[in-house]
Amino acid sequence: MEISKNLFTCFISLFFSLVGKDQLPFSAGKWEPWEDRYPFIREASSFSSSSSSSNNGNNIKTYDYIIVGGGTAGCPLAATLSQKFSVLLLERGGVPFANANVSFMQNFHIALADTSPSSASQYFLSTDGVFNSRARVLGGGTCINAGFYTRAGPSYIKKAGWDSKLVNESYPWIEKQIVHKPNLAPWQRAVRDSLLEIGISPFNGFTYDHIYGTKVGGTIFDRFGRRHTAAELLASANPKKLDVLVHATVQKIDFDTSGKKPRAVGVIFKDENGNQHKAFLSKRKGSEIIVSSGAIGSPHILMLSGIGPKAELEKLNIPVVLDNKFVGQGMSDNPLNTIFVPTNRHVEQSLIQTVGITKEGVYIEASSGFGQSGDSIRCNHGVASAEIGQLSTIPPKQRTFEAIEAYRRSKKNIPHELFRGGFILEKIATPLSRGNISLVTTNADDNPSITFNYFSHPRDLKRCVDGIRIVEKIAKSKHFTNYTQCDKETLDKLLNMSVQANVNLIPKHTNNTQSLEQFCKDTVITIWHYHGGCHVGKVIAPDYRVLGVHRLRVIDGSTFEESPGTNPQATVMMMGRYMGVKILRERLGRAAGL
């Protein structure tokens, strides 16, 4: 496993083609310590369940809402509910504000490659053999993603059963606080023009909307390259009614099982020192525990709490609160395949800004800015790298340690100028392949076993082949070749190097469907858009209440059948705001005042 982590670290460094400097200019205006702006954020060890102002008469502090997970959905949800009710938000990670790896775009890859216990991202390897990351920081995935912001389409909103008027009020609430129009990088402009050249049209300009054709979307990176995360939405909270605890790892939800249905009554969590605490839910009507721990975390915490497949729970001696065979099932991840395109010029770094929304069911995006140093050229990028794995046609069983070592030795002599360039990405829009989550241990810190079954559905594989053919057209288009200015000698060096070092930058046999199918399978990676595990009608009701128990909801991407739009973060944040407003209106009516 340690070898896998090292390979993962190097892969991230290569894949996103970033320089990785430690500092960027701060944004204009007065600098304000985060502690002053968010006085309600504290370490978990400061928590006390006793309160002299308790309303239940026995000196026990209670909350109207306890939210498990301070991520992409949890932060806007907590900020909204705190306008009228007392809220406790529990986050297992730390704060993002003082973390340079989170805050600055140039350090994007470093946060993902960091596998230390204090990292903002938690590494995991799916059973499919694909490296992946889970957020472990206040603000969730918005702290470690590529920053692209785009809404879901009207058909998605309708299918989800959401109130379109409230949806169209909730998106702007997010956008006004943390979303920006990007300064389009040259690589992104070249991809934009090439998409239009090969027929991915019309050009829809800059828009948040999900429309067929080519567009430029929003970003949570400002013009200084500084990231703005969902954690900043907490600035809209009522500080008198919100407590946020960081480094608070929820062990399980506590239930009263004496009635006809189990009733959620509190949450047991561990602080940064390993000490255990219990937070209590108010007995007032309408009070709830809301799980917003993400597509991996939410089904995981339900199972650890005794809600899940009975046989699996009993295998680990977890007391069964509710037998539900669907918890953790129906997991899906949008598979990604990439092509690295070289250029003989310096490339400005960029993450996703331009997107092609095709009618073939694939999305085309791009990243750029690879500037390898001599030291990183000597890094053993391993089986997950662009050179010898993710863009290789060598069969997986032949990717031996000896082959990796041979490549690492030969790579020392490769001029790092050859690695200038960027990636064109293609991903499946709505994958039909499904997997699952299952428990490995009862330790909440441990990852569950995660399977996505990439390309197990033949339609997904066909769409990947279609997507790779689109990518090749872009790489060969007039606009793109004019931009990259990659001479024949450089291209020949890279192609010749593929024989010895297993490099395959562009598939060589585009007319051979079987070859491209194998390429898709062999080079699949993630774009972190996994979803499912707590589906509506199977684990939760349409109002997101967990079926079969009282006072418990799940609100996050684990409830999605499909990933919304081209990139999900906008809709997950919107969902937090949307459901917060909806809950307040249902509970207070006009008195909600929102």
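Residues numbered from 1 in each chain as written. Predicted model: local features only at pLDDT ≥ 70, side-chain atom pairs only at ≥ 80, totals over all residues. Heavy atoms only, no water.

## So, the confidence of the model for the chain
Low-pLDDT stretches of the model should not have their predicted coordinates read in fine detail.
Here is step 1 of the chain: For the chain, the mean per-residue pLDDT works out to 84, and 80% of the residues sit at or above 70.
Here is step 2 of the chain: Segment residues 370-397 is flagged for pLDDT under 50; beyond a separation of four residues in sequence, or across chains, it makes 95 contacts in the model. (pLDDT = per-residue confidence, 0-100. Contact = heavy atoms within 4.5 Å.)

## Here's the deal with the sheet that holds strand β21 (residues 362-368)
Here is step 1 of the chain: Here seven strands make up an open sheet; going across it, the order is β8-β9-β20-β21-β22-β19-β25 and the pairing mixed. Pairing within the sheet leaves two strands with one partner each, and these edge strands are β8 (203-206) and β25 (525-526).
Here is step 2 of the chain: Sheet topology note: the strand β20 (residues 354-357)/β21 ladder contains two bridges and is antiparallel. Directly across from G356, in β21, lies its bridge partner I364.
Here is step 3 of the chain: Running at roughly 150° to β21, helix α8 (residues 186-197) makes contact with β8, β9 (213-216), β19 (335-342), β20, β21 and β22 (421-428) of the sheet.
Here is step 4 of the chain: Along the sheet face, helix α13 (residues 458-476) touches β19, β21 and β22 and points at about 150° away from the line of β22. (Pairing = 2+ DSSP bridges. Helix = DSSP H or I, 4+ residues; strand = E, 2+ residues; numbered from the N terminus. Axes fitted to C-alpha atoms, helices over the stretch in contact; angles between N-to-C directions.)

## A short note on the pattern of salt bridges
Here is step 1 of the chain: Applying the stated rule across the entire model yields 17 salt bridges.
Here is step 2 of the chain: R42 is the salt-bridge partner of D243, the closest N and O atoms lying 3.6 Å from each other. Here D243 is found in strand β11 (residues 242-246), whereas its partner R42 is found in strand β1 (residues 41-43), with 201 residues between them in sequence.
Here is step 3 of the chain: Given the relative accessible area of 13%, D243 is considered buried.
Here is step 4 of the chain: A salt bridge links D64 to R284; its shortest N-O distance comes to 2.4 Å. Residue D64 is found in the loop between β2 (62-63) and β3 (65-68), and its partner R284 is found in the loop between β14 (276-281) and β15 (288-291); the two are separated by 220 residues along the sequence.
Here is step 5 of the chain: Residues participating in the shared-partner salt-bridge network are E288, D543, R545 and R553. (Salt bridge = Lys/Arg side-chain N within 4 Å of Asp/Glu carboxyl O. Buried < 20%, exposed > 50% of the residue type's maximum accessible area, 1.4 Å probe, protein only.)

## Considering the packing of aromatic side chains
Here is step 1 of the chain: One pass over the full model with this rule turns up 16 aromatic pairs.
Here is step 2 of the chain: On the basis of an interplanar angle of 65° and a centroid distance of 6.0 Å, the ring pair of F124 and Y530 is categorised as edge-to-face. Note that F124 is positioned in strand β5 (residues 121-125) and Y530 in the loop between β25 and β26 (552-554), a separation of 406 residues in sequence.
Here is step 3 of the chain: Of the residues examined, F124 reaches a relative accessible area of 4% and is grouped as buried.
Here is step 4 of the chain: Cluster of aromatic residues (ring-pair linked, three or more members): W34, Y38, F40 and F97.
Here is step 5 of the chain: For R587, the ring lying beneath its charged end belongs to F85, and the centroid distance is 4.0 Å. (Phe/Tyr/Trp six-rings, centres within 6.5 Å; stacked < 30°, edge-to-face > 60°. Lys NZ or Arg CZ within 6 Å of the ring centre and 35° of its normal.)

## Examining the state of the cysteines
Here is step 1 of the chain: As enumerated under the stated definition, the model contains one disulfide in all.
Here is step 2 of the chain: Between the sulfur atoms of C464 and its disulfide mate C520 the distance is 2.1 Å. An S-S torsion of about -100° defines the bridge between C464 and C520 as left-handed. Of the two residues, C464 sits in helix α13 while C520 sits in helix α16 (residues 513-522), which places them 56 residues apart along the sequence.
Here is step 3 of the chain: Looking at C464, the relative accessible area reads 0%, which means it is buried.
Here is step 4 of the chain: A disulfide-free cysteine, C75 has its sulfur positioned 7.8 Å from the sulfur of C143, the nearest such atom.
Here is step 5 of the chain: The buried category is assigned to C143, whose relative accessible area is 1%. (Disulfide = S-S within 2.5 Å.)

## Comments concerning the pairing of β3
Here is the key point about a regular strand: its side chains alternate between the two faces of the sheet.
Here is step 1 of the chain: Taking every second residue as pointing to the same face, both faces of β3 are buried, with Y65 and I67 on one and I66 and V68 on the other.
Here is step 2 of the chain: The sheet contact formed by β3 and strand β4 (residues 87-91) spans four bridges and is parallel. Directly across from Y65, in β4, lies its bridge partner V87.
Here is step 3 of the chain: You can see the chain leave β3, run along helix α3 (residues 74-81) and come back into β4, and the turn it takes is right-handed.
Here is step 4 of the chain: Across four bridges, β3 lies against β15 in parallel orientation. If you follow Y65 over to β15, its bridge partner there is E288. (Right-handed = clockwise from strand over helix to strand, strands pointing away.)

## Here's the deal with unusual backbone geometry
When glycine is set aside, most residues are seen to have a negative phi, and most peptide bonds are trans.
Here is step 1 of the chain: Here the amide bond leading from S201 into P202 is cis, since omega sits at 5°, within 30 degrees of zero.
Here is step 2 of the chain: Along the polypeptide, P202 turns up in the loop between α8 and β8.
Here is step 3 of the chain: A positive phi is found at N453, a non-glycine position, where the angle reads about 55°.
Here is step 4 of the chain: One non-glycine residue, Y544, adopts positive backbone phi at about 75°.
Here is step 5 of the chain: Relative to the helices and strands, Y544 is located in the loop between β25 and β26.
Here is step 6 of the chain: Note on Y544: relative accessible area 4%, which makes it buried.

## Here we look at the pairing of β20
Here is step 1 of the chain: Both faces of β20 are covered, namely the face carrying T354 and G356 and the face carrying V355 and I357.
Here is step 2 of the chain: Hairpin connection between β20 and β21: a loop of four residues separates the two successive antiparallel strands, and G361 in this loop has a positive phi of roughly 85°.

## Observations concerning the sheet that holds β11
Here is step 1 of the chain: What the six strands build is an open sheet, ordered β1-β11-β4-β3-β15-β26; its pairing is parallel. Looking at strand neighbours, the two that pair on one side only are β1 and β26, the edges of this open sheet. Each adjacent strand pair in this sheet contributes to an overall mean axis angle of 20°, direction not counted.
Here is step 2 of the chain: Most of the contacts of helix α17 (residues 569-588) go to β26, to which it runs at about 150°, and overall it touches β3, β15 and β26.

## Looking at the environment of I41
Here is step 1 of the chain: Along the polypeptide, I41 turns up in strand β1.
Here is step 2 of the chain: Residue classification places I41 among the buried positions, given a relative accessible area of 8%.
Here is step 3 of the chain: Note: C-alpha distance between I41 and L234 (193 residues apart in sequence) is 9.7 Å.
Here is step 4 of the chain: If we skip the residues at most four places from it in the chain, I41 touches W34, V95, F97, L138, V244 and V246.

## Notes on the nonpolar core
Here is step 1 of the chain: With 130 residues, the main nonpolar core has W162, L234, I307 and L552 as its most contacted residues.
Here is step 2 of the chain: Examining the composition of this core, we find that 10 residues originate from one element, α17, more than from any other.
Here is step 3 of the chain: If we skip the residues at most four places from it in the chain, L552 touches I253, F255, A264, I289, V291, L302, I307, Y544, R545 and V546.
Here is step 4 of the chain: Formed by 24 residues, the second largest nonpolar core is a distinct cluster that contains L112, F340, V355 and I525. (Core = buried A, V, L, I, M, F, W, Y, C linked by side-chain atoms within 4.5 Å.)

## Some details on the packing of helix α7 (residues 164-178) against α17
Here is step 1 of the chain: The geometry of α7 relative to α17 is characterised by a closest axis approach of 8 Å and an angle of 120° between their N-to-C directions. The angle between the axes of α7 and α17 places the two elements in the oblique class. Between α7 and α17 the crossing geometry is right-handed. Contacts between α7 and α17 involve L166, V167, E169, S170, Y171, W173, I174 and I178 from the first element and A570, T571, M573, M574, R577, Y578, V581, K582 and R585 from the second.
Here is step 2 of the chain: Grouping the amino acids of the contact of α7 with α17 by side-chain chemistry returns 11 nonpolar, two polar and four charged. (Parallel < 35°, antiparallel > 145°, perpendicular 65-115°, else oblique. Left-handed = near helix turned anticlockwise from the far one by under 90°. Nonpolar A, V, L, I, M, F, W, Y, C, P; charged D, E, K, R; others polar.)

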